[in-house]
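# Summary of structural features
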Amino acid sequence: MELTGAEIVVRCLEDEGTEMIFGYPGGSSLHIYDALYKQEKVRHILVRHEQAATHAADGYARSTGRTGVVLVTSGPGVTNTVTGIATAYMDSIPMVVISGQVPTQLIGDDAFQEVDAVGITRPCVKHNFLVTDVRDLALTIKKAFFIAASGRPGPVLVDVPKDVTAEKCHYVYPDTIKIRSYQPVRRGHPKQVKRAVDLLLQARRPVIYAGGGIILSDASDELTELVERLNYPCTNTLMGLGGFPASKSQYIGMLGMHGTYEANMVMHECDVMLCVGARFDDRITGDIHKFSPYAKIIHVDIDPSSISKNVAAHIPVVGPAKAILGDMIGFIKSSDRKPDTEAIATWWGQIAQWQAVKCLEFDRNSDKIKPQSVIEMLWQKTGGDAYVCSDVGQHQMWTAQYYHFDKPRHWINSGGLGTMGFGLPSAMGVQLAHPDQQVLCITSDASIMMCIQELSTCMQYRLPVKIFSLNNRYMGMVRQWQEFFYDRRYSNSYLDALPDFVKLAESFGHVGLTVDQPADLEGVIQSALAEKERAVFVDIVTDQTENVYPMIAAGCGHHEMQLRPAAQGQVVEGREIA
Amino acid sequence: MQHIISILLENEAGALSRVAGLFSARGYNIESLTVAPTEDASLSRMTLVTRGSDTVVEQITKQLNKLVEVVKLVDLTEGQHIERELLLVKVEATADTRAQIRDLAEIFHGRIVDVGETTCTVELTGMGEKLDAFLQTLRSTNIVEVVRSGVSGIARGRKALRT
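Per chain, residues are indexed from 1 in the order of the written sequence. Naming scheme: in the order in which they are written, chains are lettered from A and ligands are numbered from 1. Given that the model is predicted, a residue must reach a pLDDT of at least 70 before its local features are reported, and side-chain atom pairs must reach 80 or more before they are shown or counted; all residues, however, enter totals for whole chains, interfaces and linings. Side-chain calculation: all heavy atoms of the structure are included, whereas hydrogens and water are not.

The next thing to look at is the overall build of chain A. Each helix is a run of DSSP H or I of at least 4 residues and each strand a run of E of at least 2, with the numbering of both proceeding from the N terminus. If you tally the helices and strands in chain A, you get 22 helices and 20 strands. Within these notes, the globule rule equals 2.2 Å times the number of residues to the 0.38 power, and the radius of gyration is based on C-alpha atoms. Against the 2.2 N^0.38 benchmark of 25 Å for 578 residues, chain A shows a C-alpha radius of gyration of 24 Å, consistent with a compact globule. Evaluated residue by residue, chain A yields a buried proportion of 61% over its 578 residues. A separation threshold of at least 6 residues defines the contact pool for chain A, and within that pool the share at least 24 residues apart is 77%. All tallies of charge rest on Lys and Arg as positive and Asp and Glu as negative; His and the ends of each chain are not included. We put the charge of a Lys on NZ, of an Arg on CZ, of an Asp on CG and of a Glu on CD. Side-chain charges of chain A comprise 53 positive and 65 negative groups, with the mean position of each set lying 5 Å from the other. When a residue's accessible area, from a 1.4 Å probe over protein chains only, is under 20% of the maximum for its type it is buried; when over 50% it is exposed; and in between it is partly exposed. Contacts are residue-level and defined by heavy atoms, with any inter-residue pair within 4.5 Å sufficient.

Written out as structure tokens, the structure is:
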């Protein structure tokens, strides 16, 4: 059957099983929008800014594991997606962005709304394509979906000139595809896996350090089984939260710059480290020269270029976390060697001393609302079961610290790129994917303003997203760094002209609530969470001066954490255990 | 240390810019780069000369391999190989000095490929050092223009970079 390019785009989405796409129309994508209008299988969610389309598709992808799809027009349509594409790229999120382009005969002429989309996105996509012939269109879209979701996932952009969407050709969507230059690894090398297990079973002070790769590869069950079988301490990265359940006894909290004292001390003192699906990012390692001085490192990652990039691995294992962890469990079951339970018990004894520092304690008797108490209460009131989407800054770190995730794909945040403005649109994508689930957007007075226009999208689709904005009238993390490292010169970190958020929310048709007294917090949170039909914006006036602790400052190692002022001095020195 | 990385990649628009972009984005250096289609028109072969520590070069090869359009690559400097570069040099030459230039070119197994009233052009292939040496010997003459192709390389023996 002959179809126009526009119809082919939409048919490809149908055949790919795409249930919804996020976008904004414009001149170059009008044919595609017309084809969308004439069908009912693919639902289009109209955002208010293309950046939000990418974040919404991203939230949809993170919470479902399916590929998020974005449709935008040429020029500013596509440049507005760059932040969202880069966000997805840094966190390895499967996404396909289809962008309109000026007609092929105008490309290079500086035509109206022309931009070199392939060139401008090249450094922040896994791959991208410019389709210049309608006969290549279906195959290219197939390739885009395959590349986006396989191997280490990532965003793929397909740029489609307007004339290509008007031309006709016979439509066939291939069932499978093989690309000779792109063959992702599907299993770990058995010899490497066995070597890894042998080393792991010899450990006396082990740690399992698990990242976003666990979530992306749906390997939570395997990780949980491995950790419980070995009874080794497990720490998750910011991206890995929920990958291993926080309620398990082996969980020692998040690691890194604002990780727990115990997790970072374990990282520093360990003799064997199993890193799965994480990449030794600078926010994790602290000063790289002081990183885990006694550790033999096993690094499991699907991307060979992540291995030995920042920290040399003694045993590299390339492949998907799920398959490799499964194989590791198999080897452990059949191995003659058993974990050294005595050494592990001693190790847990040491860890208990570090845990006794209670690094996440905070002032519970303050007359101001402590931001930590908000997150803790949200965790309690939602039964730890909500989808939690975060913006970027202090509130993000507090959410990571005080919302104890037991399930994967429930913690949605921009980890790698740290994109302020991510929270609300990503929450829309999550809510659309899970219409009957509680979806929270934890944000702040600064972050929320970066994509505030999406309150309108929430209204259009009646999305009952619960927005909790920790309002400290500052860019909190910027203020914290200025307090610590710039002698309290609060340069441009104060937000002087904030709107009345309650009225703002109401003007979009949502419920607006505000609270500034600790005693009122519980009631306000409960009534917000009880709202089933409408979005609720809760403006929470918090203690302006609260800082995120503990913290590894620049130039410090895991063992040199700064605790909250009230706890400084009770640091338990790490020591070598015989 | 200098490394010569030979890459087979899809002969598609934009593939070259992905390689070049990777090097600039990650702060790797490119000393030279040559690229042309192979006997299979769907593939290009690129030879890239870079310099870096073992860790950096390991990252470079991994990052290159990660590019979707890269089919295969080899670091030629890891084994025995042949490397060649083409030099074209135009020098000022009158009837009086032309013979001297021809003699020099012959010593280096080069040839004169163009002669004009006041210039002549020499073609020379070889390892980079040989071309450097030849240019040194031309110091006394007036060089008008120099163009070098960058290194191409191939492994010795049976080893081959193919799909």
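Before going further, it helps to examine the overall build of chain B. Of regular secondary structure, chain B possesses 4 helices and 9 strands. Order of helices (α) and strands (β) in chain B, N terminus to C terminus: β-α-β-β-α-β-β-α-β-β-α-β-β. If one aligns the C-alpha atoms of chain B with their principal axes, the spans along those axes are about 55 × 35 × 35 Å. Nonlocal contacts in chain B, meaning residues at least 24 apart in sequence, comprise 74% of its contacts between residues at least 6 apart. Put simply, chain B shows about 8,800 Å² of open surface, and 51% of that area lies on carbon and sulfur atoms. Across chain B, the 19 positively charged side chains and the 22 negatively charged ones have centroids separated by 5 Å. To be clear on the numbers: accessible area is Shrake-Rupley with a 1.4 Å probe, and residue cover counts the displayed protein chains and nothing else.

Attention shifts here to the packing of helix α9 (residues 190–201) of chain A against helix α14 (residues 321–334) of chain A. Residues and elements named next belong to chain A. Angles shown run from 0 to 180 degrees and are taken between the N-to-C directions of axes, each axis being a line fitted to C-alpha atoms and, for helices, limited to the stretch in contact. It is the contact of α9 with α14, at a shortest axis distance of 9 Å, that shows an interaxial angle of 60°. One element, α9, and the other, α14, form an angle in the oblique class. Between α9 and α14 the crossing geometry is right-handed. Seen from α9, the contacting residues are Pro 190, Val 193, Lys 194, Ala 196, Val 197 and Leu 200; seen from α14, they are Ile 324, Asp 327, Met 328, Phe 331 and Ile 332. Residues were grouped as follows: Ala, Val, Leu, Ile, Met, Phe, Trp, Tyr, Cys and Pro as nonpolar; Asp, Glu, Lys and Arg as charged; and all remaining residues, including Gly, as polar. Across the contact of α9 with α14, the residue classes tally to 9 nonpolar, no polar and 2 charged. An angle counts as roughly parallel when it lies under 35 degrees, as roughly antiparallel when it exceeds 145, as roughly perpendicular when it falls between 65 and 115, and as oblique in every other case. Each helix crossing is assigned a hand: it is left-handed if the near helix lies turned anticlockwise from the far helix by less than a right angle, otherwise right-handed if that turn is clockwise.

A few words now on the pattern of salt bridges. The salt bridge definition used is simple: a Lys or Arg side-chain nitrogen within 4 Å of an Asp or Glu carboxyl oxygen. Applying the stated criterion across every chain yields a total of 37 salt bridges over all chains. The residue A:Arg180 makes a salt bridge to B:Glu10 at a minimum N-O spacing of 2.7 Å. Of this pair, A:Arg180 sits in the loop between β8 (168–170) and α9 while B:Glu10 is found in strand β1 (residues 2–10), placing the two residues in two different chains. A relative accessible area of 34% means that A:Arg180 is categorised as partly exposed.

For the rest of this paragraph, the subject is the sheet that holds strand β18 (residues 466–471) of chain A. Residues and elements named next belong to chain A. Spatially, 6 strands are ordered β16-β15-β17-β18-β20-β19 in an open sheet, and the strand pairing comes out parallel. Lying at the two open borders of the sheet, with one neighbouring strand each, are β16 (411–412) and β19 (511–515). Alignment of β19 against strand β20 (residues 536–541), held across 5 bridges, turns out to be parallel. Paired with Gly 512 across the strands is Phe 537, a residue of β20. Of the strands in this sheet, β17 (439–444), β18, β19 and β20 are in contact with helix α22 (residues 518–530), which crosses β19 at around 165°. Strands are labelled as partners when DSSP assigns at least two bridges between them.

Moving on to helix α20 (residues 476–485) of chain A. Residue and element names in this part refer to chain A. Taken together, the buried positions of α20 are Gly 476, Met 477, Arg 479, Gln 480, Gln 482 and Glu 483. Elements that come into contact with the buried residues of α20 comprise α17 (394–402). Looking one or two residues beyond α20, the residue adopting positive phi is Asp 487, at roughly 55°.

Glancing now at the confidence of the model for chain A. Low-confidence regions, as indicated by low pLDDT, have predicted coordinates that should not be scrutinised in detail. Per-residue confidence from the prediction method is given by pLDDT, with values spanning 0 to 100. Averaged over all residues, the pLDDT of chain A is 96; the fraction at 70 or higher stands at 98%. The low-confidence segment residues 574–578 of chain A, where pLDDT is below 50, has 14 contacts with residues more than four positions distant or belonging to other chains.

A word on the domain arrangement of chain A. All names here are of chain A. Bear in mind that the domain bounds are from an automatic or database domain assignment. In terms of domains, chain A is made up of domain 1 (2–170), domain 2 (190–355) and domain 3 (371–541). The term buried area denotes the loss of accessible surface (1.4 Å probe radius) that occurs when two parts are joined, taken as the sum for both partners. Buried surface at the junction of domain 2 and domain 3, both sides included, amounts to about 1,400 Å², of which 60% is carbon and sulfur. For the domain 2 face of the interface with domain 3, the top three residues by lost area are Leu 238, Leu 241 and His 258, together amounting to 40%. In this structure, the connection of domain 2 to domain 3 is made through 1 salt bridge. Asp 218 is the partner of Arg 409 in a salt bridge, and the nearest nitrogen-oxygen pair spans 3.3 Å.

What follows concerns the pairing of strand β13 (residues 296–301) of chain A. Residues and elements named next belong to chain A. Judged by how many residues are buried, β13 sits mostly within the fold: 5 of 6 residues are covered. Across 5 bridges, strand β12 (residues 272–276) lies against β13 in parallel orientation. Bridge pairing links Leu 274 to Ile 298 in β13. Both β13 and strand β14 (residues 315–318) contribute to a ladder of 4 bridges, which runs parallel. Bridged to Ile 298 within β14 is Ile 315.

Before going further, it helps to examine the interface of chain A and chain B. At the junction of the two partners, chain A supplies 15 residues and chain B supplies 19 residues. Across the chain A to chain B interface the summed buried area is about 1,400 Å²; carbon plus sulfur atoms make up 46%. Looking at the side of chain A facing chain B, the largest losses of area belong to A:Arg122, A:Arg180 and A:Ser181, adding up to 42% of the total buried there. Counting across the chain A and chain B interface gives 3 salt bridges. Close ionic contact of B:Asp40 with A:Arg180 constitutes a salt bridge, the shortest N to O distance being 3.9 Å. Distance and chemistry together define a polar contact, namely a pair of N or O atoms within 3.5 Å, with one atom able to donate a hydrogen and the other to accept it when in protein, and with adjacent residues in sequence counting only for side-chain atoms on both sides. In this structure, the connection of chain A to chain B is made through 10 residue pairs in polar contact (both at pLDDT 80 or more).

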